[in-house]
Amino acid sequence: MKKIALNGEWRLNNERTGEQYAAQVPGFVQKDLMSAGVIPSEQETLFEPIVEWVEHDDWTYCRSFELSADQLSADGLTLVMEGVDTYAEVVLNGRIIGQTDNMFIAHRFDISGAAQQQNELVVRLSSPTRVLQEKERQFGDPLLQWNGIPARLFGRKAQYGYGWDWGPRLVTVGIHKPIYIEVQERCSSDNLTYNITHLSEERAILNVTVTASAVGAISREANILCQLYDGDVLVAETAEPSVQLSQDGTETTLTLVVHKPKRWYPIGYGDQSMYTLMAAVTADCKTAALSRQIGLREVTLKQPYDKQGRKFIIEVNGIPMLCKGVNWIPLTLYPGLDTKADYAAEIDGIVEANMNMIRIWGGGYYENPDFYAECDRRGVMVWQDFMFACGDYPDDDAFCELVRKEARYVIETYNQHPSIVLWCGNNENQHFVENSRKKRKNGYGEKLYFEVLADECARDANRPYWPTSPFSYSVDEGHNDNDYGDQHYWHVWGQGSPYENYQTINGRFLSEFGMQSYPSIRVLDQVDREADLRHAKFQVIQKAPNGTQRLLYYTVGDYRLPSNKRDFVYVNQLMQANALRLGVEHWISRMPDTSGALIWQWSDLWPSISWSIVDYDKVKKPSYYYMKRTFQTPNALLRVVQGDEQAGLFLVHEKGDFQGEIEVSFYDIIDEQVVRTDKLEANGSGYRSTRVSTIQLGGHDPARTVVFVRLLQGGQVLADNSYLIGKPYQLALKPASLRLEQHEEDGVLVANITSDVFAKDVCLPNLSAKLSDNYFDLRAGESRTIRIEGLKADERLVPTCLNEAVRSAEYI
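Residues numbered from 1 in each chain as written. Predicted model: local features only at pLDDT ≥ 70, side-chain atom pairs only at ≥ 80, totals over all residues. Heavy atoms only, no water.

(A) Structural detail: the packing of aromatic side chains. Here the structure, examined in full by the defined rule, presents 43 aromatic pairs. For the ring pair Tyr 21 and Trp 59, a centre distance of 6.4 Å and an interplane angle of 45 degrees mean the geometry is tilted. Of the two residues, Tyr 21 sits in strand S3 (residues 20–25) while Trp 59 sits in strand S4 (residues 59–66), which places them 38 residues apart along the sequence. In this structure, Tyr 21 and Trp 59 share a single accessibility class: buried. Ring plane angle 35 degrees and centroid distance 5.6 Å describe the contact between Phe 28 and Tyr 334, whose orientation is recorded as tilted. (Phe/Tyr/Trp six-rings, centres within 6.5 Å; stacked < 30°, edge-to-face > 60°. Helix = DSSP H or I, 4+ residues; strand = E, 2+ residues; numbered from the N terminus. Buried < 20%, exposed > 50% of the residue type's maximum accessible area, 1.4 Å probe, protein only.)

(B) Structural context of the sheet that holds strand S43 (residues 783–789). With antiparallel pairing, four strands are arranged side by side in an open sheet as S38-S39-S43-S41. Each edge of the open sheet is held by one strand with a lone partner, namely strand S38 (738–745) and strand S41 (770–771). The pairing of S38 with strand S39 (residues 748–755) spans eight bridges and is classified as antiparallel. When the sheet's bridge partners are listed, Glu 741 is paired in S39 with Asn 752. (Pairing = 2+ DSSP bridges.)

(C) Structural view of the packing of helix H15 (residues 565–588) against helix H16 (residues 622–631). One can describe the packing of H15 onto H16 by two numbers: an axis separation of 8 Å at closest approach and a directional angle of 20 degrees. Considering their axes alone, H15 and H16 lie roughly parallel with respect to each other. Handedness of the H15/H16 crossing: right-handed. On H16, the residues touching Gln 573, Leu 574, Gln 576, Ala 577, Asn 578, Leu 580, Arg 581, Val 584, Glu 585 and Ile 588 of H15 are Pro 622, Ser 623, Tyr 626, Met 627, Thr 630 and Phe 631. (Axes fitted to C-alpha atoms, helices over the stretch in contact; angles between N-to-C directions. Parallel < 35°, antiparallel > 145°, perpendicular 65-115°, else oblique. Left-handed = near helix turned anticlockwise from the far one by under 90°. Contact = heavy atoms within 4.5 Å.)

(D) Here's a closer look at the pairing of strand S33 (residues 658–668). The element S33 is largely enclosed, with a buried count of nine among its eleven residues. Of the strand pairs in this sheet, S33 and strand S34 (residues 673–684) are connected by eleven bridges, and their pairing is antiparallel. Bridge pairing in S34 places Gly 660 opposite Ala 682. Two successive antiparallel strands, S33 and S34, enclose a turn made up of four residues, where Glu 672 displays a positive phi of approximately 55 degrees. Where S33 and strand S36 (residues 705–713) come together, eight bridges link them in antiparallel fashion.

Okay, structure coming up:
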């Protein structure tokens, strides 16, 4: 089979005005208009009302292409559109060849009867908002939602485009994935999937399903060869010599037996072994082939009962996972355009932060295959939501069938990836299901999550299905239980509770929680260097209700309010780090009673004031480095509860047994000396956290005491964490003199920072470069080395610390 690519430059017409523009495919109308200077870009943060007209107009993409005589005489010609956003009529040489109504799936159209030597292809895109509002009117019953407009619920389109509490309204329109023509002879290989029916040390048994079609005839006889390779070595092979293929597609299941199989493991637990699965379909001496990179592993969701309720544990190859990671929203406002390099850079940052799981949030987009391939390669587990979020969804037959088709496509496209360890039906829709049950027997969307998606996911034996998040499987009020299932905890931030409340929440798997902060000064200066934080350009990037007030409330709880913008942003970001660290350390110290902590959210897709730990310019906030130290393993954590005179000391050893020692040092920041040291054996068995001891805090002044906790094994320091026994504003910090020395080493910039006194949260701020460490505490005379890669020409190394950011407004 040959492919004729139709990507590149197209003509774009506005059907209302008649204006014509140059367009790039893959791409979006808004992106082309921004490139042409017709509308402002998202960096101009007041752009939303200026660009909204685009979503209300109809747009037409056009291009010409040629086909040779040999191509025209082929048995089959199929136009493949891997992604269209969203409602399109496709016309070839004046003939309508198909329509699209779902941006999440590929569309295939037979063009054999319409193709000519000289061809004109036209894709007419209707206003998505007009189409969705008409569907809303036809449905009749009002549907409720958070974020965006109710009409968004009626379309299979990225929901965040209608605006969320961390992003703008930019309702995209376009041909956003590759488009090409397949030239087919005799037969086509349409899909290749597999299920693992047995996996042990001795052998693996795979049921491989090959879907193939006859081309140019009602039916054809074919043979199918299926092979599995470990690198270049053939390790298993089977064939079906006589299969009758139909025009509509025939599924054939073959069995492969692999001896002494290599397993795929999450990062830190073993190798990420991958195989190449190949299938060749041959009819009348013409062959169509498919291949997939696959990994062999077993995933189970265990929910054993205990005194509290039921645990929620994802096991991979029989090992219980402590799932440490982030929630993922799309990287940009333009879903589907991200490259392999984009994904590699983001996932590298996640791995560097000692995280092992990403939850793909249900209001965004199924990421490109390169994303999942990179997760496979790096050993990062993926919790994959289906694309439903925060609202009632219709449950009429037509919509259910649309969703069923989407689910089958998604599962068949992505089930090859061992990194995907869980399918989840939606994000936060159980609240709406239960609310709508008050007026109807079954809540809106209930059929989608508990029947349609459940049935389709049952076809995939390689991973479990969880119907909704959060969820507990209790009979009534089935969402967000503290003792069962997964939990989204938003009383902190959402209801203004002190972040110390995290220590009272003993959820079984925290799949969402978060704290906001401002982006870096680097991002704020790109918006407007001179504007204050109440300027309209900054107010508009705060999408959370009462967000500015809440940021002030939480920040003043931890710090004296600085007298200038730059210092305020610094301490505000530190507050976010304090809050996340306190919650995460509480939950991972409970393993296996709590088995997951996934922070909301990883990154920003515009210059947001948000819950991200990496901002729009790829500057990693203090939270990133705090989490990197918290998530390292093995680790020693001190759970300090404000007001308590004692703290629990925990050994985290989720990768198995551990023997070592913990050194707890009380450091006086006024006298610059250690005033007390406790040394304890640190022994733990199993995949869990172990409480080592109780540390007495009474008698130590929170204004002058910092507690350092070191984990050692064989004299080597494996982890070094510091804790306050009060709030940061209580510290009697002295002016610090930070000395920076730098040199190059193997092409990497190496910076050494030394302080003459105790220095709190020492950092090289506002750098989008990759730093090995940042935002750490230094004792007097102590040095820390930071390795820096990718420093931009406009970035300077200027160390600072909290000691220098205490010039506060005099009244507070």
